[in-house]
Amino acid sequence: MEIYKQFNIEAAHHLPNVPTGHKCARLHGHSFQVTIHVAGTVNEQMGWITDFADIKTAFAPLYEQLDHHYLNEIAGLENPTSENIARWIWQHLKPRLPNLWKITLQETCTSGCIYIGDN
Ligand SMILES: Nc1nc2c(c(=O)[nH]1)N=C([C@H](O)[C@H](O)COP(=O)(O)OP(=O)(O)OP(=O)(O)O)CN2
Ligand SMILES: [Zn+2]
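Please read all numbers here as calculations on a predicted model, not as lab measurements. (Residues numbered from 1 in each chain as written. Chains lettered and ligands numbered in written order. Predicted model: local features only at pLDDT ≥ 70, side-chain atom pairs only at ≥ 80, totals over all residues.)

### Looking at the UniProt feature "active site" (unreviewed entry) in the protein
Residues given the UniProt feature "active site" (unreviewed entry) here are C24, H68 and E107. Checked against the element boundaries, H68 lands in the loop between helix 1 (52-66) and strand 3 (69-70). Those residues in contact with H68 that lie beyond four places of it in its chain are E10 and A11. Topologically, E107 is positioned in the loop between strand 4 (100-106) and strand 5 (112-115). With residues up to four places along the chain from it excluded, the contact list for E107 reads H30, F32, S82 and G112. (UniProt positions renumbered as here; feature names shortened; annotations may be inferred. Helix = DSSP H or I, 4+ residues; strand = E, 2+ residues; numbered from the N terminus. Contact = placed C-beta atoms within 7 Å.)

Quick look at the structure:
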């Protein structure tokens, strides 16, 4: 079974490697929606896979680094595309949340990224 918890992150960025004239070369902001998916078996005593609060606790240090920040200034996010942000979250979260299964990162209403690790 799979459970998830959503987080909203307000952040600014620009994309440094886009062609000249691309709109994303300019500084702009997004209300990113990050969804952390965890998979596992249901503990029958508790009736859950993992307490949602444990997902929140594991994600908290990353949330603090990302929310209301300029993403390009974060080590490893010099080119903060949806793909690179999702991968960065995975790399930092997986050691703290071993049953991490999938990260969905919605950048705008119509665009985003789904990442299940580079396995
Ligand atoms: N594969 C990717 N393509 C783009 C990314 C990305 O992270 N990965 N990022 C951007 C920009 O950050 C841009 O702000 C968001 O893209 P886009 O969907 O083009 O934004 P709009 O809301 O302006 O989309 P419209 O549907 O044209 O209104 C660009 N590409
Ligand atoms: Zn953008």
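### Considering the site of ligand 1
Neighbouring residues of ligand 1: L15, C24, T81, S82, E83, E107, T108, T110 and S111. Residues of the shell around ligand 1, tallied by class, amount to two nonpolar, five polar and two charged. (Near = placed C-beta within 6 Å. Nonpolar A, V, L, I, M, F, W, Y, C, P; charged D, E, K, R; others polar.)

### Here we look at the pairing of strand 1 (residues 2-13)
Pairing of strand 1 with strand 2 (residues 28-39) involves twelve bridges; the strand directions are antiparallel. Its bridge partner being in strand 2, A12 is matched across the sheet by G29. Here two bridges tie strand 1 to strand 3, and the two strands are oriented parallel to one another. Note that in strand 3 the partner of A11 across the bridge is H69. (Pairing = 2+ DSSP bridges.)

### As for the UniProt feature "binding site: Zn(2+)" (unreviewed entry) in the protein
Under the UniProt annotation, the feature "binding site: Zn(2+)" (unreviewed entry) is placed at H13, H28 and H30. Taken along the chain, the residues just named run across 18 residues; in space they keep tight, none of their C-alpha pairs more than 8.1 Å apart. Relative to the helices and strands, H28 is located in strand 2. Excluding residues within four positions of it along the chain, H28 makes contact with A12 and H14.

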